[in-house]
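Each chain is listed here by its residues.
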Amino acid sequence: MVLPNRILPHERWPVYQEALSNLYVYFPSAVDTEIDSLFMNCEKASSPEEIEKLVKKAYSTMEMMLSES
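Source: prediction; values computed, not measured.

Caption draft 1: Structural detail: the overall build of the protein. A count of helices and strands for the protein gives 3 helices and 0 strands. Taken from N to C terminus, the helices and strands of the protein fall in the order α-α-α. Put simply, the protein has 69 residues, and 10% of those count as buried. Of the roughly 6400 Å² of accessible surface on the protein, a fraction of 62% belongs to carbon and sulfur atoms.

Structure representation (structure tokens):
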């Protein structure tokens, strides 16, 4: 006899998978945001020199962020 609203053993795994997929939340830090911004800006850059400037700026910004924490 199967009771109503009861999950049978062979039907449990999909339910567990769904529950496990929602066990974490990601909160990006300021450094994560800076890295994302760097990648987006580098995609739009027109020359290697411009990319180098963007990387140097992002590096110094992240260095300041980390030294403040």
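Caption draft 2: Main features of the packing of helix α2 (residues 30-44) against helix α3 (residues 48-68). Close contact between α2 and α3 brings their axes to 10 Å; oriented N to C, the two are set at 175°. In terms of their interaxial angle, α2 and α3 are classed as roughly antiparallel. The segment α2 lies against α3, with Ala30, Val31, Glu34, Ile35, Leu38, Asn41 and Cys42 engaging Ile51, Leu54, Val55, Ala58, Thr61, Met62, Met65 and Leu66. A per-class count over the contact of α2 with α3 returns 12 nonpolar, 2 polar and 1 charged.

Caption draft 3: Focus on the nonpolar core. Val31, Leu38, Cys42, Ala58 and Met62 together form the largest nonpolar core, which totals 5 residues. For this core, the secondary structure elements donating two or more residues are α2 and α3. Sorting elements by how many residues they give to this core places α2 first, with 3 residues.

Caption draft 4: Focus on α2. In a regular helix each residue adds 1.5 Å, so 15 residues correspond to 21 Å; α2 covers 21 Å between its end C-alpha atoms and thus fits that length. Where α2 is concerned, the buried positions are Val31, Glu34, Leu38 and Cys42. For α2, the arc enclosing every buried residue in end-on projection is 70°, short of the 170-degree limit, so these residues lie on one face. Seen from the open side of α2, the exposed residues pointing more than 90 degrees away from its buried face are Phe39, Glu43 and Lys44. Where α2 is buried, its residues meet α3.

Basis of the calculations
Residues numbered from 1 in each chain as written. Predicted model: local features only at pLDDT ≥ 70, side-chain atom pairs only at ≥ 80, totals over all residues. Heavy atoms only, no water. Helix = DSSP H or I, 4+ residues; strand = E, 2+ residues; numbered from the N terminus. Buried < 20%, exposed > 50% of the residue type's maximum accessible area, 1.4 Å probe, protein only. Areas by Shrake-Rupley, 256 points an atom, 1.4 Å probe, with all protein chains shown as cover. Axes fitted to C-alpha atoms, helices over the stretch in contact; angles between N-to-C directions. Parallel < 35°, antiparallel > 145°, perpendicular 65-115°, else oblique. Contact = heavy atoms within 4.5 Å. Nonpolar A, V, L, I, M, F, W, Y, C, P; charged D, E, K, R; others polar. Core = buried A, V, L, I, M, F, W, Y, C linked by side-chain atoms within 4.5 Å. Expected span 1.5 Å × (residues − 1). Arc of directions from axis to C-beta.

These results come straight from atomic positions and should not be treated as a statement about function.
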